[in-house]
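Descriptive structure summary
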Amino acid sequence: MEHSHFFYFRYLIKINNFLSFPLQILCIMKKNALLCILQMLCTYLSVAQVTSTTIESIKLAEKRNIKIYVPEDYSSDKTYPLVVVLDADYLFDITVGNAKFYAHKDKMPQGIILGIDQSQSRYEDCYYSPESGFPDKKGNAFFEFISMELIPMVAKNYHLANFKAIIGHGIT
């Protein structure tokens, strides 16, 4: 009889431990939550190479939000191709992720990615003349903004290669 109580008691402990295990984990996590969050934030900030800023454009006569991604192991001894991302409000992170993946797999060189937020001005920025097919009105000013203000600004701060590409979606 004592022997059966022993197994029953062991069985209860196993069930009790199984049910309380998630609670034990939550208690441990709760105690260390601040430390974990702080550690993750420090880790993220130490490897994050994305800079967000607002610049004043002379060509557009307005401010624009831009993001710049620089490879984690950037070196001024190397040159980097420039990828300009239009519609950066939703394409920038995807482009950075793909660029990092393909660079890691040696399918493309590491590059600097410049994103332009167009969430409020997408159609005006890409306006073109139906007759000629060339940028017109604000579309022309946006084209000049990229070529005469943004790219020289990035080239002044980073060592760029001669290769430049532009990425957009739909009308951009």
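In this text, all values refer to a predicted model and were calculated from it rather than measured experimentally. (Residues numbered from 1 in each chain as written. Predicted model: local features only at pLDDT ≥ 70, side-chain atom pairs only at ≥ 80, totals over all residues. Heavy atoms only, no water.)

**Description of the side chain of Ser-57**
Quick reminder of the rule: Numbering goes from the N terminus for both helices and strands, where a helix is a DSSP run of H or I of at least four residues and a strand is a run of E of at least two. Here a polar contact is taken to be a pair of N or O atoms separated by no more than 3.5 Å, where protein atoms must pair a possible hydrogen donor with a possible acceptor and residues adjacent in sequence count only if both atoms sit in side chains. Here a residue-residue contact requires only that any non-hydrogen atoms of the pair lie within 4.5 Å.
Note that Ser-57 resides in strand β1 (residues 50-57). A polar contact of 3.3 Å, which involves the side chain of Ser-57, links it to the backbone nitrogen of Lys-59. Filtering out sequence-adjacent residues up to four positions away, Ser-57 remains in contact with Glu-62, Phe-145 and Glu-149.

**Overview of the sheet that holds strand β5 (residues 160-167)**
We count it as follows: When DSSP finds at least two bridges between two strands, those strands are taken to pair. An axis is simply a line fitted to the C-alpha atoms; with a helix, the fit covers only the stretch in contact. Between two such axes, the angle follows the N-to-C directions and lies from 0 to 180 degrees.
Strands sit in the order β1-β2-β4-β3-β5 across an open sheet of five strands; the sheet is mixed. Of all the strands in the sheet, the pair left with one neighbour each is β1 and β5. The mean inter-strand angle of the sheet, taken between neighbouring strand axes irrespective of direction, is 25°. Pairing between strand β3 (residues 80-85) and strand β4 (residues 112-116): four bridges, direction parallel. By the bridge assignment, Val-83 is partnered in β4 with Ile-113. Its contacts with the sheet place helix α2 (residues 88-104) against β1, β2 (62-69), β3, β4 and β5, and it is angled at close to 170° to β4. Each of β1, β2, β3, β4 and β5 is contacted by helix α4 (residues 138-157), which is oriented at about 45° to β2, the strand it contacts most.

**Examining the pairing of β3**
Two faces make up the sheet, and in a regular strand the side chains alternate between them. Test applied: Remark: exposure states derive from per-residue accessible area (1.4 Å probe, protein chains only) relative to the maximum for the residue type, with buried under 20%, exposed over 50%, and partly exposed in between. Crossovers are marked right-handed if the path from the first strand over the helix to the second runs clockwise, as seen with the strands pointing away from the viewer.
The buried count for β3 comes to six of six residues, which makes it a mostly enclosed element. Note that β3 and β5 share five bridges and pair parallel. Looking at the pairing, Val-85 lines up with Ile-167 of β5. Handedness of the crossover joining β3 and β4 through α2 is recorded here as right-handed.

**Some thoughts on a nonpolar patch on the surface**
Selection rule: Residues forming no salt bridge and having over 30% relative accessible area are the ones grouped into patches, like charges within 9 Å of each other and nonpolar side chains (Val, Leu, Ile, Met, Phe, Trp, Tyr) within 5 Å. Per-residue and other accessible areas follow the Shrake-Rupley method at a 1.4 Å probe size, with only the shown protein chains counted as cover for residues. A pair is scored as a salt bridge if a Lys or Arg side-chain nitrogen falls within 4 Å of a carboxyl oxygen belonging to Asp or Glu.
On the surface, a cluster of nonpolar side chains totalling about 270 Å² of accessible area is made up of Phe-101, Tyr-102 and Met-108. Summarising the element assignment, Phe-101 is placed in helix α2.

**So, the nonpolar core**
Selection rule: In this text, buried Ala, Val, Leu, Ile, Met, Phe, Trp, Tyr and Cys residues form a nonpolar core when linked through side-chain atoms within 4.5 Å.
Leu-82, Leu-114, Ile-116, Phe-145 and Ile-146 are the most contacted members of the largest nonpolar core, which totals 20 residues. Of all the elements in the fold, those that place two or more residues in this core are β2, β3, β4 and α4. Top contributing element to this core by residue count: α4, with seven residues. What Leu-82 contacts, discounting residues up to four positions off in sequence, is Ile-112, Leu-114, Ile-151, Val-154, Leu-160, Phe-163, Lys-164 and Ala-165. Of all hydrophobic cores here, the second largest spans nine residues; its members include Tyr-69, Val-83, Val-85 and Ala-88.

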